[in-house]
Amino acid sequence: MLLSYLRERLRLTGTKYGCGGGGCGACTVMVSRYQPGTKTILHYSANACLLPVCQLQGAAVTTVEGIGNTRTRVHPVQERIAKAHGSQCGFCTPGMVMSMYTLLRNKPQPNMEDITVALGGNLCRCTGYRPIVDGCKTFSPESNCCQANGNGAGCCLNGDSPPERSENLFDQEDLLPLDPTQDLIFPPELIVRQQDYQLFRGERMVWVSPVSLEELIQLKTSHPQAPLVMGNTNIGPDIKFKGAWHPIIISPTRVQELFEVTKTPQGVCFGAGCSLSVVKALLEGLVQEIPEEKTEIYRSLLQQLGNLGGQQIRNVASIGGNIVSAYPNSDLNPVFAAGNCTLNVVSKRGRREILLNKDFFVGFGKTSLKPDEIVLSVFIPVSRQGEFMRAFRQAPRKENALATVTTGMRVMFTEGSSVVKELSIYYGGVGPCTVSATKTCAAVIGRKWDEQTLSEAYTQLLDEISLSPSHPGGQVEFRRSLTLSLLFKFNLQMLHKLWEMVWTGSLFALIGSLLGQSGDDPVGRPIMHRSAISQATGEAVYCDDIPKMDGELHLVLVTSTRPHAKILDIDISEALRVPGVVDVITSKDIPGKKFRTFTGIDEGILAQNEVSCVGHMVCAVVADNRKQAKRGAALVKIAYEDLPGPVFTVEEAIEKQSFFLPQRMIERGNVDEAFDKVDHIYEGEIRLGGQEHFYMETQSMVVVPSGEERELKVYLSCQHPTYAQESIAETLGIPSNRVSCHVKRVGGAFGGKVTKTSIIACITSVAAWKTGRAVRCVLERGEDMLITGARHPVLGKHKVGFMNDGRIIAADLHYYANSGNTADESLLVIEKILLHLDNAYNVPNLRGRSVACKTNLPSNTAFRGFGVPQSMLVTENMINDVAMKLGCNAEEVRGQINMYKEVSLTHYKFEFDPKNLLRCWDECKEKSDYGSRRKSVAQFNQQNRWKKRGMATIPIKYGIAFSDGFLNQAASLVHIYKDGSVLVSHGGTEMGQGIHTKMQQVASRELHIPASLIHITETNTSAVPNTCPSAASFGTDANGMAVKVQYCLGSPHMDIQPIDQKQNPEGTWQTWVTSAFIQRISLSATGYYRGHDLYMDWEKQEGQPYAYFTYGACCSEVEVDCLTGDYRTVRTDIVMDIGRSINPSVDIGQIEGAFIQGLGLYTLEELKFSPSGVLYTRGPSQYKIPAVCDIPLQFNVYLLSGSDNPHAIYSSKGIGEPVLFLGSSVFFAIKDAVAAARVEAGMVGPFTLNSPATPERTCLACNTPFTQKVRRCHHLCFCCQPILCFKTYCDSQTRIRERNHRLKLISITQQT
Ligand SMILES: Cc1cc2nc3c(=O)[nH]c(=O)nc-3n(C[C@H](O)[C@H](O)[C@H](O)COP(=O)(O)OP(=O)(O)OC[C@H]3O[C@@H](n4cnc5c(N)ncnc54)[C@H](O)[C@@H]3O)c2cc1C
Ligand code: FES
Ligand code: FES
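Residues numbered from 1 in each chain as written. Chains lettered and ligands numbered in written order. Predicted model: local features only at pLDDT ≥ 70, side-chain atom pairs only at ≥ 80, totals over all residues. Heavy atoms only, no water.

- Looking at an unreviewed UniProt entry, one finds the protein named Aldehyde oxidase 1, with Oncorhynchus kisutch as its source organism.
- A UniProt comment under Subunit (unreviewed entry) is attached to the protein, and it reads "Homodimer." (UniProt positions renumbered as here; feature names shortened; annotations may be inferred.)

This is how it looks when you write it as structure tokens:
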């Protein structure tokens, strides 16, 4: 593929690997081709990971390196994304840049929709997208308008009230202009190049590329089984992920007939090779050109095309390829079929026409085409008078996600009446292929389109589309419900045009000022991330960008396929026979300690005798390159003996008492006694699923043995280099002083690169140690997701006692965290869960218990928030239940009634002042215009039956720092060179959170020199030893103080000040430094910060585990489509107290990024396991993180003014983690909307909605007549649905029911 060719052969490492399957956009490049027909150059963005190099003959490929760099000229796109703070860890940035660059090559003045469409195929895990869009928006003529009133009427530039905007986060005045004349030209030699038949022979494959249709027919006749590779978006992933192999591949991308487009009055005929983007663009033109009533089918196709894949996929995927791939959930096939489209096919026998209908789709990935037939073109007719067509899809994410259910529906009425003449309904996602609801249609044809007919149609449909309980992908009840809801929507659409929401952009207000501060002092200013430009140009070096060392080997891990089993034998003989395989590393090869000990519990580095989860690391194959190592790994044979009773769920763990000890408990007041005195008691529960870190850069490392004195240099992407250093030294049995760990930058971590990276680094080091050669280990996305664990799923139960006025008097909360097969940091996570269970509420009698359940799933680990997002969700859910029980507003129960109001003690007896918590709460309600919008929401809900709006305001009080005091120390090292330049090292790792930028600001303020003179070097255990993890939102606090103290406390060696002030007051920094050197004053110093003396005594249940609290509040409003469970965040307002921000743009970036990550956690991201503990969700195709389409339509972030914090540097506050929990405001807003829908079904009072509130859960919770109908249907017993389907392991009740039912089925089968 082009990606490996670029990175490995050409050493162009700006193009990144993020997933390898077309799902993340990190590898985006621009492809340009000459179009002989139109004599124009076509530019399109594409995923390099799916682009076969052989197919690029005659094409020009532009990578991020080609458009600009820091040595010559940075391209305006690179500059603007960087300056708009759109690059944090930077790993996604080159891909974003290339998507935007391609858009500008085609349309130099794009509108907002163009921009969001162009970025739709690119994922970012750090920024929350807003700053990226803001940077790109500067190219749009619409960008002068703030967009706060939408892009329709009411533009602020028309004199309508402009919104307040107190300070911009970046200056738009001095941006480089876009000058298309500076762009690279298309190489002229590619225009005149002769087109001839090509044949490439590889080791195992032949690639043939014909030029004429005759040649193509000839080839297909001789090799009927050979696939025709067009966009490679089906064949490519099949080869890569499913091990498909084709000895011959035919690439007909140069056969002109496959790209011809013919327009006639009857319709349009697209060559089968036309890309979906070309189809989309032409249809968009046609709907403008011809009368609207003729474009029903075109508009339905456009509806689907807008959401199909990302732009990069649509740019290469062909219309013919989509049809022939015959995906069960293809978005286009139901529309083609319902729309009476036809195929023109050709073979040696001649041409024929095939109607695209139910007879064409014959099974999973199968059509009625003969093996030697080639689809030449697809004909799409115009619609006729009285004919209407619609397409709908429901997917886990609005865009760039395969649909759960998708449909095309067409009706034709008899002229002048509502009698149905023709009806055609096709679905995807409800069978092995596109299916037709033929019987339902037949039952409706000839009848009036009225309530009676449709009511019978729903019943008929339910009968006709009967999914098997083992339907791939599961969600049987949801899918069946969707078939009905989508038909109902079709019915509604015949009557109404849906109200469409528009992007309204974002608005920022930086409250507070820098009055009285010197203009040269960078602290408090929105300084751009210091590496943003090099990240945007692709020059920033990540771990896998380090050039290959001489003799370097690649390591691939071999993992267990059993959840719990004894290892009987590991046979490596076949693996060793693979050419290039050098060795296989097992536990026996570890020279030192074979396990890591964390919180007193041992965890094996490689499994020795037993495996305890699917994904448990057993051994590792090292070979000359990755492909060989992978081939070797596939041939390692492990013989197992399964052990009985694997445990997957917390219920099973409770039943078997499978826990990591100790369990924790904390209590204030007397909860049991208080329950006797309350007006009401209510018990409820909530489950929160796990969350994959999905850092864009997967786990990566290179270990280089130095060859003498047993030294190792380790380059890795991690948050805790010292832990990696210690682990490696112990594993190898050598002192720590022989291992130096280097972290230049990390492409996202979020807690997932502390312990897990260290263990993989230990294995890689053993391989390097044993072979004496450099070894590189870079996990593929699927391996990373399988092996490295996630956020802990939690089951939370509450019993709450409260009064008629809403006062909560007593609460008893239980938390069960699913830790997986090793303890890792779980015991610390369950402690933090208990320390935050009060959130913002003063509950006088409060008790919490938490336990880490040991299960046979991959070990879970730290994740941004470290248990707090789980803990507080349970608390807030309890508050919600109280409000629902009393029938009052949840915000009143939260704010007016139960929130801490005055200086108080927490449940662990830590005194704090909630003044700023209350200010955030009040300000949030005011800024969001909560009161009047609440009324509008109620009004909206009264007027709309199938759409409901909901609102929720959530507060947060988040403890900052590590409760183990020793983890709060930090050190730094500064060298001043004779030319005045300054080099600073500190213990924090740069993971996108901007710590190096902030340290540069601190050093600049302290030394009174421009930041440009200061360079922050890599984090290196040889420069600054014994560092603490960059985590707990404490990196800036600790390292900032370490950088600061070496100046302000007057390190004895840093005595430049006297020279500066007394001896040469007129001098410059450079002259003072030179004088200091001449006077033999050391120009090098270390700084050390001891940190706060924090502790928590669990025996006494008291302590001071935090340095201070970060406060905030967030109000979100959503609109839910009750028929499908789809939702949209209409508006979010966040007010945060982060003290005096050192860098508002960096901090706002953290706020937005964390919020969007929280929104993903609570509403979108779902890990799915098989009943035997196999993780199914191993890439962006199955696991959906938020994309650009998920940003709230209006997103306002406010920083609380006048807040001081005496406990941290320059009065700032830690902000990395707290806001993630505020994503739950969207969850509770959804729950609020669902509650409104349930009222229509006559259901009031508390109900359980588990997290994430996916469309499936939301739709089923709304309890519409359609879901009720599905439930009532006895064709399918509910409890037998998910037997073989994917189901979250958190849904253990269902799992237990599943298992019982399965047993029942087995016994029934045996009896019969
Ligand atoms: C990340 C990602 C997201 C996606 N999202 C969606 C989505 O949301 N909705 C959706 O519907 N699809 C989606 N897809 C699927 C995508 O639309 C199809 O893979 C694509 O349309 C196939 O076209 P292609 O040109 O890439 O086919 P290829 O992979 O090149 O070929 C696919 C098959 O079609 C056959 N074929 C191709 N052309 C012809 C021809 N002219 N005559 C006969 N046989 C032919 C080939 O022999 C091969 O078997 C997604 C794919 C990816 C990778
Ligand atoms: S690496 Fe190519 S799309 Fe993810
Ligand atoms: S900046 Fe986008 S993934 Fe990190």
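Re helix α36 (residues 1224-1240)
- In this model α36 runs 25 Å from its N-terminal to its C-terminal C-alpha over 17 residues, within 8% of the 24 Å that 1.5 Å per residue would give.
- Burial within α36 is extensive, with 14 of its 17 residues counted as buried.
- A positive phi of about 75° marks Gly1242, the residue just after α36. (Helix = DSSP H or I, 4+ residues; strand = E, 2+ residues; numbered from the N terminus. Expected span 1.5 Å × (residues − 1). Buried < 20%, exposed > 50% of the residue type's maximum accessible area, 1.4 Å probe, protein only.)

Concerning unusual backbone geometry
- Cis geometry is found at the peptide bond from Leu661 to Pro662, where omega equals 5°.
- Structurally, Pro662 can be placed in strand β27 (residues 659-668).
- The peptide bond linking Ser1251 to Pro1252 adopts the cis configuration, its omega dihedral lying at 5°.
- Relative to the assigned elements, Pro1252 resides in the loop between α36 and α37 (1255-1262).
- A positive phi angle is found at Asn232, which is not glycine, with a value near 65°.

Quick notes on the site of ligand 1
- Around ligand 1 sit 29 residues in total, of which Met230, Gly231, Thr233, Ser318 and Asp331 are the nearest.
- A distance of 3.0 Å separates an oxygen atom of ligand 1 from a polar atom in the backbone of Asn232.
- Taking Gly309, its main chain carries an N or O atom lying 3.3 Å from an oxygen atom of ligand 1.
- Residue assignment for the shell around ligand 1 shows that the elements contributing at least two residues are α13 (319-325) and β13 (374-381).
- For the shell around ligand 1, the class distribution of residues is 15 nonpolar, twelve polar and two charged. (Near = heavy atom within 4 Å. Polar contact = N/O pair within 3.5 Å; in protein donor to acceptor, adjacent residues only side chain to side chain. Nonpolar A, V, L, I, M, F, W, Y, C, P; charged D, E, K, R; others polar.)

Here's the deal with the pairing of strand β21 (residues 581-585)
- Across the five residues that make up β21, a large majority, four, are buried.
- In terms of strand pairing, β21 meets strand β25 (residues 617-623) through four bridges, oriented antiparallel. Residue pairing in the sheet places Ile585 in a bridge with Ala620 of β25. (Pairing = 2+ DSSP bridges.)

Considerations on the pattern of salt bridges
- For the structure on display, the rule yields 69 salt bridges.
- Salt-bridge contacts for Lys957 lead to Asp838; the nearest nitrogen and oxygen are separated by 3.0 Å. Placement of Lys957 in strand β38 (residues 947-960) and of Asp838 in the loop between α26 (826-835) and β35 (845-854) is noted, with a sequence separation of 119 residues between them. Pair check on accessibility: Lys957 and Asp838 agree, each one buried.
- A salt bridge links Lys948 to Glu1240; the nearest nitrogen and oxygen atoms lie 2.6 Å apart. Of the two residues, Lys948 sits in strand β38 while Glu1240 sits in helix α36, which places them 292 residues apart along the sequence.
- Relative accessible area serves as the criterion here: at 1%, Lys948 is assigned to the buried category.
- Three or more residues are tied together by salt bridges with common partners; here these are Arg933, Lys947, Arg949, Glu1117, Glu1119, Arg1131 and Asp1133. (Salt bridge = Lys/Arg side-chain N within 4 Å of Asp/Glu carboxyl O.)

Observations concerning the sheet that holds strand β6 (residues 248-250)
- In spatial order, the strands read β4-β5-β6; together these three strands make up an open sheet with mixed pairing. Pairing within the sheet leaves two strands with one partner each, and these edge strands are β4 (198-201) and β6. Taking the axes of each pair of neighbouring strands and ignoring which way they run, one obtains an average angle of 15° across the sheet.
- Sheet analysis places strand β5 (residues 206-209) next to β6, joined by three bridges and oriented parallel. Within the sheet, the bridge partner assigned to Val208 lies in β6 and is Ile250. (Axes fitted to C-alpha atoms, helices over the stretch in contact; angles between N-to-C directions.)

Quick word on the sheet that holds strand β3 (residues 60-62)
- Across the sheet, three strands lie side by side as β2-β1-β3; this open sheet has antiparallel pairing. Only two strands of the sheet have a single neighbouring strand rather than two, namely β2 (40-47) and β3. Each adjacent strand pair in this sheet contributes to an overall mean axis angle of 25°, direction not counted.
- Sheet topology places strand β1 (residues 28-35) next to β3; three bridges connect them, and they run antiparallel. Paired with Val31 across the two strands is Val61, which belongs to β3.

Side note on the state of the cysteines
- All chains considered together, the criterion is met by zero disulfides.
- There is no disulfide at Cys54, and the cysteine sulfur nearest it, in Cys49, is 16 Å away.
- Under the relative-accessibility criterion, Cys54 is labelled partly exposed at 25%.
- No disulfide involves Cys441; its sulfur sits 16 Å from the nearest other cysteine sulfur, which is in Cys433.
- Overall, the relative accessible area of 5% leaves Cys441 in the buried class. (Disulfide = S-S within 2.5 Å.)

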